[in-house]
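# Structure assessment
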Amino acid sequence: DKAPLSKSLLLVPSAISILLTVLFQHYQKFFAYNLQAIKDDFQIWRLVCGRTICLDLKDTFCSSLLIYNFRIFERRYGSRKFSSFLLGAWMLSALFDLLLVEIAQYIFGITINSLPSGFLGPVFALFVPFYSSIPRVQVTQVLGHFSITNKTLVYILGLQLLTSGSYIWILALSGLVSGICYNSNILKVHRILCVPSWVAKIFSWTLEPIFSSAEPTNEVRVGMGATVDIQRQQRMELLDRQIMMSQVAQMRRQRQQQGGMINWNRLFPPLRHRQNANYQDHRPSEQDTPPPTEVSEEQVARLMEMGFSRGDALEALRASNNDLNVATNFLLQH
């Protein structure tokens, strides 16, 4: 649940990329993904450096956001299985990069000496399990026809990353192919390219305490969605629905008290009360007016401590039937 590997991939490469761009620009040549140096001079170390650290801050930002969204797989599979997927996708995408460059040169006559650097192959590979295993939950619609789901933003980030460079489509294609190979268990790749248990234990003892964090205590788990993200989204939808229903109930109570647009009860009392009514004052009886909702002063004080006025706190608590959480969300959104 703490996703230490995702946090390390989010923080460490991003920090190194920023340092190389701002302070140590003369060291950027060591992190360039130079295919010609790899093939001609056998500089295999460039595969590690060139395919780990981004030299473009825009690629760093987009890939970091994608890794943050894909942390759901580490929570679902565990850190060892997630790291095995990243390792297998990283190695397979490196092989497919070289093959696609040779194919492009053989078919189209395009000579590609270098590719965009960064941890991009495994990031694009994660789109395969994201598409196949993450459920699609509709959030809203645009113009009545185009659906906006919980996965739309992730696809937009992937499209932005895909259009950031001229030859990044090679990395995207190799990443998707490697993700398909690893996810569909072609040639039993997941058994060959996996992280050994003793390596996982070493990193669990050393790095996990650094990048781990405690689970939030102010969140109450609900048995709704299959994952934590879906539960949070459904919880927000439930709160919005409760707020909407409380507003409708408040409007109905106001209409019943006022009798619609005009308070006809004040002008013409009901026939069943006319025999005992005082015709000199045509005020309605006390039974016709519903009693006001009692509001807890303790809840009013808690809302006032958050910075809301007493009048707004009273109105929100009455509209939400004294539900402090619904009243708080109502005041924050209005």
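Cut-off values and rules
Residues numbered from 1 in each chain as written. Predicted model: local features only at pLDDT ≥ 70, side-chain atom pairs only at ≥ 80, totals over all residues. Heavy atoms only, no water. UniProt positions renumbered as here; feature names shortened; annotations may be inferred. Helix = DSSP H or I, 4+ residues; strand = E, 2+ residues; numbered from the N terminus. Core = buried A, V, L, I, M, F, W, Y, C linked by side-chain atoms within 4.5 Å. Buried < 20%, exposed > 50% of the residue type's maximum accessible area, 1.4 Å probe, protein only. Contact = heavy atoms within 4.5 Å. Expected span 1.5 Å × (residues − 1). Patch = residues over 30% accessible without salt bridge, like charges linked within 9 Å, V, L, I, M, F, W, Y side chains within 5 Å. Areas by Shrake-Rupley, 256 points an atom, 1.4 Å probe, with all protein chains shown as cover. Salt bridge = Lys/Arg side-chain N within 4 Å of Asp/Glu carboxyl O.

### Some thoughts on the UniProt feature "transmembrane region" (unreviewed entry) in the chain
As recorded in UniProt, the sites labelled "transmembrane region" (unreviewed entry) are residues 6–24, 85–108, 114–132 and 153–177. For the annotated span residues 6–24, helix accounts for 89% and strand for 0% of the residues, and the straight-line distance between the end C-alpha atoms is 25 Å. Helix makes up 63% of residues 114–132 and strand makes up 11%, while its end C-alpha atoms are separated by 32 Å.

### A closer look at the nonpolar core
Formed by 44 residues in total, the largest nonpolar core has its most connected members in L66, F70, F73, L115 and L161. Top element by residues in this core is helix α6 (residues 79–108). It accounts for 10 residues. Residues contacting L66, with those up to four places away along its chain left out, are V123, F127, V154, L157, G158 and L161. V295, A316, L317 and L331 belong to the second-largest nonpolar core, a separate cluster that totals 12 residues.

### Details of helix α1 (residues 4–22)
The first and last C-alpha atoms of α1 sit 27 Å apart over 19 residues, in line with the 27 Å expected at 1.5 Å per residue. Buried residues in α1 make contact with α4 (57–69), α5 (71–77), α6 and α13 (208–211).

### Details of a nonpolar patch on the surface
On the surface, I18, L19, V22, L23, F24, Y27, F30, W45 and L57 cluster together into a nonpolar patch covering about 840 Å² of accessible area. Element by element, the count of residues in the nonpolar patch is highest for α1, at 3 residues. Summarising the element assignment, V22 is placed in helix α1. Here V22 falls in the exposed class, since its relative accessible area comes to 53%.

### Quick look at the pattern of salt bridges
In this structure the tally under the stated criterion is 3 salt bridges. A salt bridge links K39 to E102; its shortest N-O distance comes to 3.2 Å. Placement of K39 in helix α2 (residues 35–40) and of E102 in helix α6 is noted, with a sequence separation of 63 residues between them. Note that E297 and R310 form a salt bridge whose closest N and O atoms lie 3.1 Å from each other. Note that E297 is positioned in helix α16 (residues 297–305) and R310 in helix α17 (residues 310–319), a separation of 13 residues in sequence.

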